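Chain and residue survey
Read off the chains here:
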Amino acid sequence: MRMYGNWRSAAAFRVRIALNLKGIPCEETFIDLDAGDQYKPDFLAINPQAAVPAFFDGDGPPLTQSLAILDYLEDIHPEPALLPKEPRARARARSLAQVVACDTHPLYVPRVRNYLMSAYDIPKDEMMGFVRHWFETGLKTLETRLAHEPGTGRYAQGDTISHADLCLVSLWVGTGIFGVETAPYPTVKRIAEDCLSQEAFAKAHPLRQPGAPA
Ligand SMILES: N[C@@H](CCC(=O)N[C@@H](CS)C(=O)NCC(=O)O)C(=O)O
């Protein structure tokens, strides 16, 4: 298997963690998002959305969208399971994952940040305020839910790692990159730090990928 990713990409990070947990080898090629390599014709032919990850299992068109790739990995390699079997718990794990992947992460990807600055002439520090606002909104939602819902256990859903944790961690590491304060989110912090202490998460960490700053 192989995929196109980027060291800083939260979406590629989620996929990398699942691959590590399931023991699936995958070769990753890094696309330089800061240099705009996602807009080069060769890459647009792979993903017309100009985004990573783009994931290949054998020949044929790539799979895109990290949550769809996570579902695919779950289908072809069910063990260890990264979604609960019980329908309600499964839906809750997905709901928590989607808070991050559908409603938080899309608001701070490079194309949104760059468009804010170029189309509306918003200075970089104000754009970063926009990013931090949506980070904080996502983290606050997670914290409130995880601290109060009975489904929370050692991990976001019960005592087994699920897609919810992969997404939670992918948001959490971004707090360091974007300078978001973390003290108000102790439950998110507890789960993120527990996950990141485990090798499958640690070796997928953005700062351990080629191209990351030392
Ligand atoms: N919803 C997509 C997000 C994909 C995405 O936007 N990836 C970012 C990196 S995390 C990217 O490649 N952005 C390029 C850009 O915004 O120019 C997923 O979960 O895979």
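Predicted model, so just to flag it, every value in this text is computed and none were measured. (Residues numbered from 1 in each chain as written. Predicted model: local features only at pLDDT ≥ 70, side-chain atom pairs only at ≥ 80, totals over all residues. Heavy atoms only, no water.)

Moving on to the side chain of serine 9. Along the chain, serine 9 turns up in the loop between strand S1 (2-5) and helix H1 (10-22). Classification of serine 9 as buried rests on a relative accessible area of 7%. From its side chain, serine 9 meets the backbone nitrogen of alanine 11 in a polar contact 3.3 Å long. (Helix = DSSP H or I, 4+ residues; strand = E, 2+ residues; numbered from the N terminus. Buried < 20%, exposed > 50% of the residue type's maximum accessible area, 1.4 Å probe, protein only. Polar contact = N/O pair within 3.5 Å; in protein donor to acceptor, adjacent residues only side chain to side chain.)

Around the ligand, the surrounding shell holds 17 residues, and the nearest of these are Gln38, Val52, Gln65, Ser66 and Arg111. Between glutamine 38 and the ligand, the recorded distance is 2.7 Å, taken from a side-chain N or O atom to an oxygen atom. Serine 66 is positioned such that a nitrogen or oxygen atom in its side chain is 2.6 Å from an oxygen atom of the ligand. Surface burial for the ligand is 94%, taken as the share of its 510 Å² of free accessible area covered by protein chains. The site holding the ligand turns out to be the largest pocket. Listing elements by their share of the shell around the ligand, those giving two or more residues are H1 and helix H5 (110-120). (Near = heavy atom within 4 Å. Areas by Shrake-Rupley, 256 points an atom, 1.4 Å probe, with all protein chains shown as cover. 1 Å grid on protein atoms, 1.4 Å probe; cavity = no way out; pocket = protein on both sides within 12 Å on 5 of 7 lines; lining within 4 Å. Sits in = over half its atoms within 2 Å of the grid points.)

Each assigned domain of the protein chain is listed here: domain 1 (2-80) and domain 2 (87-202). Computed over C-alpha atoms only, the centres of domain 1 and domain 2 are separated by 19 Å. Listed per partner, the contact involves 17 residues of domain 1 and 22 residues of domain 2. For the domain 1 and domain 2 pair, buried surface summed over both sides reaches about 1,600 Å², with 68% attributable to carbon and sulfur atoms. (Domains from an automatic or database assignment. Contact = heavy atoms within 4.5 Å. Buried area = accessible area lost by both parts, 1.4 Å probe.)

Two elements in contact, helix H3 (residues 66-76) and helix H7 (residues 163-178), have axes separated by 11 Å at closest approach and are oriented at 145°. Here H3 runs over H7; the crossing is right-handed. Across from Leu67, Leu70, Asp71 and Glu74 in H3, the residues of H7 making contact are His163, Leu166 and Cys167. Taken together, the residues that form the contact of H3 with H7 break down as four nonpolar, one polar and two charged. (Axes fitted to C-alpha atoms, helices over the stretch in contact; angles between N-to-C directions. Left-handed = near helix turned anticlockwise from the far one by under 90°. Nonpolar A, V, L, I, M, F, W, Y, C, P; charged D, E, K, R; others polar.)

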